[in-house]
Amino acid sequence: MLVVACIKQVPDTTQVKIDPVTNTLVREGVPFIINPFDIHALEEALRIRDRFGCRVTAISMGPPNAEATLRKALSLGVDEAILVSDRCFGGADTLATSNVLAEAIRRLVKREDVGLVICGKQTIDGDTAQVGPGIATRLGFAQLTLVDRIEHFDPEKRVIRVRRKLEGRHEIVEAPLPALITVVRELNRPRYPTVPMRLQALETQITVWRNQNLELDENTIGLKGSPTCVNRIFSPQREKGEILGDGGKDPDGAARLLVEKLRSKDLLVV
Amino acid sequence: MTPNPVVFGVILVVAFGLFALSCYRRFSLAAVGKPDDRFRPIGTRIWNMFLYAFAQKRVAQRPFGLNHVTLFWAFLVLVIANGEFLVRGVFPGLSIYLLPAPVFKLLLLAFEVVSLLALVASLIAMARRLFFAPPYLSTAYVKATSFEAFLILFFIIVLMLAYFGLHGAEIALARQQGADWMPVSGVVARLLGGVGPEGVESFAALCWWVHAIVLLVFMNLLPLTKHMHILTAIPNCYLRSIDKPNTQPREEFRKGESFGVGQVDQFTWKDLIDSFSCTECGRCQDVCPAAITGKPLNPRQIIHAIKSNLLANGEGLKRGEKPALPLIGAEAEGTNTEAALWSCTTCGACLEVCPVLIEQMPKIIKMRRHLVEMQVRFPEELLGVFENFEGRSNPWGIAPAERTKWCTTMNVKTFEKGTTEYLFYVGCAGAFDSRQKQVTVAIATILDAAGVSWGTLGKDEKCCGDSLRRLGNEYVFDKMAQENVKLFRDKGITKVITQCPHCYSTLKNDYRQYGLEVEVLHHGQLIEQLLKSGKLRLNRQVTDLGKIIFHDSCYLGRHNDVYDAPRNVLATATGKAPVEFSRNRANSFCCGAGGGRMWMEELVGSRVNVARAEEALKETPDTVCVACPYCMTMFMDAFKDLDKERTRVRDVAEVVAEGLRQG
Ligand code: SF4
Ligand code: SF4
Ligand code: SF4
């Protein structure tokens with residue numbers, strides 16, 4: 001059985017500023033990182049591999065420099081890394097992206113038995129949380145989103161039961177394989193690469209798939225295949241903060257005020 | 001008196017044969033280690049050997065050490081006496097009496113004197129172990145009153161007594177030449193006065209045989225006990241690391257290799273000889289902040305474990321077998337616990353006191369490397385720290401864009417190639433830690449006041465990688481060091497001021513391994529220069545900080561010998577020399593943050609920073625002065641814990657900046 005982890009290279013958004021004049025993202029000089037949720041997807045795939053002895057493929061759609069992200073995946077121990085990269089994939093919204101990724105996974109399905117696809121719950125640059133479900137829909141896989149625990153996984157009986165982390169509650173759901181899950185950070189603690197794995201990863205061949213390989217209709221991919229259009233990007237005006245009490249003179253009083261305030265806004269539930 | 005030379009000849013050959021065999025066994029085990037060049041430069045090495053081995057520089061630094069110096073020198077003189085004794089046993093004609101009379105008489109006198117001294121010294125040593133053994137003589141693996149220690153002392157005492165007995169008898173039988181020069185034996189001779197000649201004769205024979213047998217047994221015990229150091233200490237001083245072991249050697253990252261030290265033959269041969277040289281004196285244990293505060297680390301136990309591991313695995317390793325006893329991780333004699341390895345603050349105190357120049361801390365780092373690079377086994381709080389260092393080049397994972405936030409109140413220039421003289425390397429703490437940012441501003445103010453041409457790297461500054469290297473994450477350190485060295489070269493940087501002793505030591509010592517030769521100054525050193533040359537003039541004398549005590553940071557002091565600069569600066573700024581801790585300068589006690597301990601939990605034992613803060617409080621200071629961001633955090637935390645927050649903590653630069661204020 002093959003487990004596929006979908007990962008994305010994203011700009012480190014804590015370092016992204018919005019240009020106040022042009023209202024566009026200032027990406028210059030901003031380092032790229034692996035989408036933080038995807039690290040957990042990758043980790044879970046590897047854990048399943050470690051337990052059940054399946055294979056893991058990491059797949060990423062992006063520009064050629066997204067290779068760095070896949071190298072990281074290789075250093076953590078995935079068996080195969082595929083970069084889906086073509087100029088004509090550029091400018092894709094979530095629909096076009098899921099079209100491409102779904103097709104890439106379909107190619108893998110033709111090659112071997114794909115039992116599980118794992119994605120991060122969302123990316124930190126787009127924050128839509130649509131690509132995972134989009135892929136599942138296009139592949140006809142069961143989709144289990146926001147997973148914070150895998151309760152049961154049985155590759156023989158082909159079934160998965162997970163716990164979903166919803167607002168204020170959990171939900172336990174079960175689905176037949178093949179399935180796609182999207183995961184939250186609480187799911188696991190990612191591993192750290194050994195140096196031999198890192199050195200190995202530097203030399204491993206990363207497979208690159210272009211549209212030549214996927215043969216998708218040009219109208220369903222890239223900018224053309226993306227119905228979403230962005231009108232304007234801007235930084236929201238921040239509400240001015242408020243100073244509560246005097247922590248220096250009366251720390252207890254200030255703490256009490258703070259607790260009350262947080263309660264009144266439903267930010268603290270006790 | 002002479003025994004049958006043939007019989008004794010056979011005994012001698014057997015004894016020396018066995019001795020040679022056990023020496024060979026041990027030393028050939030050390031040969032399983034990795035290569036290391038420890039033979040050049042010869043001149044410096046001979047000097048080290050003289051200073052540390054023969055002059056016993058470090059041994060003598062402790063009051064009781066004099067007892068050992070006495071024994072050591074007595075031993076050297078008695079090597080001649082005993083050599084002659086053994087030779088004469090086989091070739092009765094060959095003796096010192098062939099030498100001109102004045103010479104052999106002087107020798108006889110010398111033998112008498114040193115034998116007496118050795119006798120007294122051994123008795124004192126025995127009494128010390130019995131009645132007033134200091135706690136550091138004992139560890140989990142050996143007690144001060146161990147059988148082995150007493151056996152050896154007992155042998156020395158018997159040897160001396162037999163010597164006097166034999167010569168006393170010879171004098172009594174009027175066979176001793178130069179008897180006038182043998183006062184102690186003379187006394188024995190007089191005591192034998194009442195015994196008939198036959199009795200004296202048999203007494204002489206008894207003494208002769210006791211002396212001979214004890215001597216040969218003693219010799220054969222050496223390689224099997226901690227007294228192996230009698231054979232290895234002198235070479236070990238010769239082979240010492242010429243550079244201070246304040247940095248670690250680079251690793252080459254080639255595929256298919258193993259990194260760090262995970263089994264005993266991955267140490268260098270010198271590391272293994274070190275393990276044979278330990279005298280079990282306990283000095284390192286006595287100064288180790290981890291051992292003192294009840295952590296599972298004891299540097300001498302590390303050395304002992306390496307030796308036991310080598311003894312257990314060495315023969316197998318020679319045959320190419322896998323080691324049966326793991327070096328790290330098992331709960332057995334001859335292995336190191338992971339917890340011990342993670343407790344080290346890399347303060348270097350152990351290196352500073354070891355009388356035979358054993359390098360304890362570097363071995364700990366080598367094993368950490370293995371845990372991090374091969375096993376991915378480290379305290380879990382380090383995972384995030386490692387990711388932060390690698391991803392964002394600072395331990396907290398703060399966005400690099402925020403590196404320049406400290407200077408919102410100042411006009412700070414970026415370093416310009418060709419025009420700026422000094423790079424001010426702010427460091428992670430100076431850029432991100434809110435308290436430390438005040439120190440950064442103080443330094444910047446001083447530099448401006450003195451008209452220094454300086455600039456920073458702004459957002460492009462990266463972490464120096466100190467913590468990573470000391471934590472054994474050499475792979476990531478290596479990447480960071482290469483990037484930094486390239487950046488420094490591209491920018492044409494030749495002079496650097498650092499705020500933090502850890503950056504200072506890393507840029508100065510570690511980066512030299514990457515070919516970077518720049519002049520690095522800690523801010524304390526530059527300020528001292530500026531004050532001396534008159535470029536920096538203070539507007540007033542700083543008196544409002546009260547009684548100031550100065551804490552030596554390990555990475556400034558012990559690791560780089562910078563002791564006076566910060567003290568001079570404080571003296572100039574305040575008009576009087578700072579008060580000293582009882583443990584100061586090279587004997588300073590770590591704050592607990594070094595070696596990446598800053599980023600780890602400290603859950604076992606008492607806290608190192610609290611121990612140091614309590615030591616400060618004994619001198620009733622109003623202000624503790626530091627020169628290191630980590631030390632500052634550690635002291636502030638400790639005073640908070642102790643509810644002594646009224647004791648201020650200031651960086652040296654802040655004191656000087658105070659002096660720049662008007663009025
Ligand atoms: S370097 Fe310091 S903490 Fe580490 S073993 Fe030596 S004395 Fe102990
Ligand atoms: S390592 Fe050095 S200081 Fe420590 S016990 Fe051995 S000889 Fe003494
Ligand atoms: S923080 Fe300061 S005292 Fe503490 S280890 Fe570093 S230099 Fe030593």
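Rules of the game
Residues numbered from 1 in each chain as written. Chains lettered and ligands numbered in written order. Predicted model: local features only at pLDDT ≥ 70, side-chain atom pairs only at ≥ 80, totals over all residues. Heavy atoms only, no water. Helix = DSSP H or I, 4+ residues; strand = E, 2+ residues; numbered from the N terminus. Buried < 20%, exposed > 50% of the residue type's maximum accessible area, 1.4 Å probe, protein only. Contact = heavy atoms within 4.5 Å. Areas by Shrake-Rupley, 256 points an atom, 1.4 Å probe, with all protein chains shown as cover. Lys, Arg positive; Asp, Glu negative; His and termini not counted. Charge placed at Lys NZ, Arg CZ, Asp CG, Glu CD. Domains from an automatic or database assignment. Buried area = accessible area lost by both parts, 1.4 Å probe. Salt bridge = Lys/Arg side-chain N within 4 Å of Asp/Glu carboxyl O. Polar contact = N/O pair within 3.5 Å; in protein donor to acceptor, adjacent residues only side chain to side chain. Pairing = 2+ DSSP bridges. Axes fitted to C-alpha atoms, helices over the stretch in contact; angles between N-to-C directions. Near = heavy atom within 4 Å. Nonpolar A, V, L, I, M, F, W, Y, C, P; charged D, E, K, R; others polar. Parallel < 35°, antiparallel > 145°, perpendicular 65-115°, else oblique. Phe/Tyr/Trp six-rings, centres within 6.5 Å; stacked < 30°, edge-to-face > 60°. Lys NZ or Arg CZ within 6 Å of the ring centre and 35° of its normal.

A.B. asks: Break down the overall build of chain A for me, with residues and values.
C.D. replies: Helix and strand content of chain A: 7 helices and 13 strands. Across its three principal directions, the C-alpha atoms of chain A cover 70 × 50 × 40 Å. When the 270 residues of chain A are sorted by exposure, 46% land in the buried category. Sequence-distant contacts, at least 24 apart, represent 69% of the contacts inside chain A between residues at least 6 apart. For chain A, the accessible area works out to roughly 14600 Å², and carbon and sulfur atoms hold 51% of it. Each charge class in chain A was averaged separately, 38 positive and 36 negative side chains, and the resulting centres sit 1 Å apart.

A.B. asks: Break down the domain arrangement of chain B for me, with residues and values.
C.D. replies: Residue and element names in this part refer to chain B. Partitioning chain B into structural domains gives domain 1 (5–30 + 62–238), domain 2 (264–374) and domain 3 (384–660). With centres defined by C-alpha atoms, the gap from domain 1 to domain 2 works out at 33 Å. Each partner contributes residues to the interface: domain 1 has 23 residues there, and domain 2 has 30 residues. Taking both partners together, domain 1 and domain 2 bury about 2400 Å²; carbon and sulfur atoms supply 56% of that area. The largest share of the area that domain 1 buries against domain 2 comes from Leu29, Tyr141 and Asn236, three residues that together contribute 32% of it. Inspection of the domain 1/domain 2 interface yields 1 salt bridge. At the boundary of domain 1 with domain 2, the tally comes to 10 residue pairs in polar contact (both at pLDDT 80 or more).

A.B. asks: So what's going on with the sheet that holds strand β1 (residues 422–425) of chain B? Which residues, and what values?
C.D. replies: Residues and elements named next belong to chain B. With parallel pairing, the 4 strands of this open sheet are ordered in space as β2-β1-β3-β4. With one partner strand each, in any of the chains shown, β2 (454–455) and β4 (519–522) form the two edges of the open sheet. Strands β1, β2 and β3 (495–498) of the sheet are contacted by helix α18 (residues 434–449), whose axis makes an angle of about 165° with β1.

A.B. asks: Help me get a handle on the site of ligand 1, residues and values and all.
C.D. replies: All names here are of chain B. Near ligand 1 you find 13 residues, and of these Cys288, Cys344, Cys347, Gly348 and Cys350 are the closest. Counting only elements with at least two residues in the shell around ligand 1, the list comes to α14 (349–353) and α15 (360–375). The residue inventory of the shell around ligand 1, partitioned by class, reads 10 nonpolar, 3 polar and no charged.

A.B. asks: Can you explain the packing of helix α1 (residues 5–30) of chain B against helix α3 (residues 65–90) of chain B? Please cite residues and give values.
C.D. replies: Residues and elements named next belong to chain B. α3 packs onto α1 with a crossing angle of 130° between their chain directions and a minimal axis gap of 7 Å. Viewed along their axes, α1 and α3 adopt a mutual orientation that is oblique. Contacts between α1 and α3 involve Pro5, Phe8, Gly9, Leu12 and Phe16 from the former and Leu86, Gly89 and Val90 from the latter. Residue classes in the contact of α1 with α3 are distributed as 6 nonpolar, 2 polar and no charged.

A.B. asks: Can you break down the packing of aromatic side chains residue by residue, with the values?
C.D. replies: Residues and elements named next belong to chain B. Scanning the model with the defined rule gives 30 aromatic pairs over all chains in all. Seen from their ring centres, Trp396 and Phe432 are 6.3 Å apart, and the 70° between their planes marks the pair as edge-to-face. In this pair, Trp396 is assigned in the loop between α16 (381–392) and β1 and Phe432 in helix α17 (residues 427–432), connecting sequence segments 36 residues apart. Plain terms: the ring middles of Phe635 and Phe639 are 6.1 Å apart, the flat faces sit at 35° to each other, and that makes the pair tilted. Placement of the pair is Phe635 and Phe639 together in helix α25 (residues 629–641), with a separation of 4 residues, close to one helical turn. For the pair formed by Phe635 and Phe639, the shared burial category is buried. Taking the ring centre of Phe64 as reference, the NZ or CZ of Arg128 above it sits at 3.8 Å.

A.B. asks: Help me get a handle on the site of ligand 3, residues and values and all.
C.D. replies: The local shell around ligand 3 consists of His502(B), His551(B), Ser553(B), Cys554(B), Tyr555(B), Cys590(B), Cys591(B), Ala593(B), Gly594(B), Cys628(B), Tyr630(B) and Cys631(B). Of the residues assigned to the shell around ligand 3, the class counts are 8 nonpolar, 4 polar and no charged.

A.B. asks: Can you lay out the pairing of strand β8 (residues 114–120) of chain A for me, pointing to particular residues and giving the numbers?
C.D. replies: All names here are of chain A. Where burial is concerned, most of β8 is hidden: 7 out of the 7 residues are buried. Judged from the 5 bridges that link them, strand β1 (residues 2–6) and β8 form a sheet pairing that is parallel. Paired with Val4 across the bridge in β8 is Val117. Bridge count for β8 against strand β12 (residues 179–183) is 5 bridges, and the pairing is parallel. Across the sheet, Leu116 pairs through a bridge with Ala179, a residue of β12.

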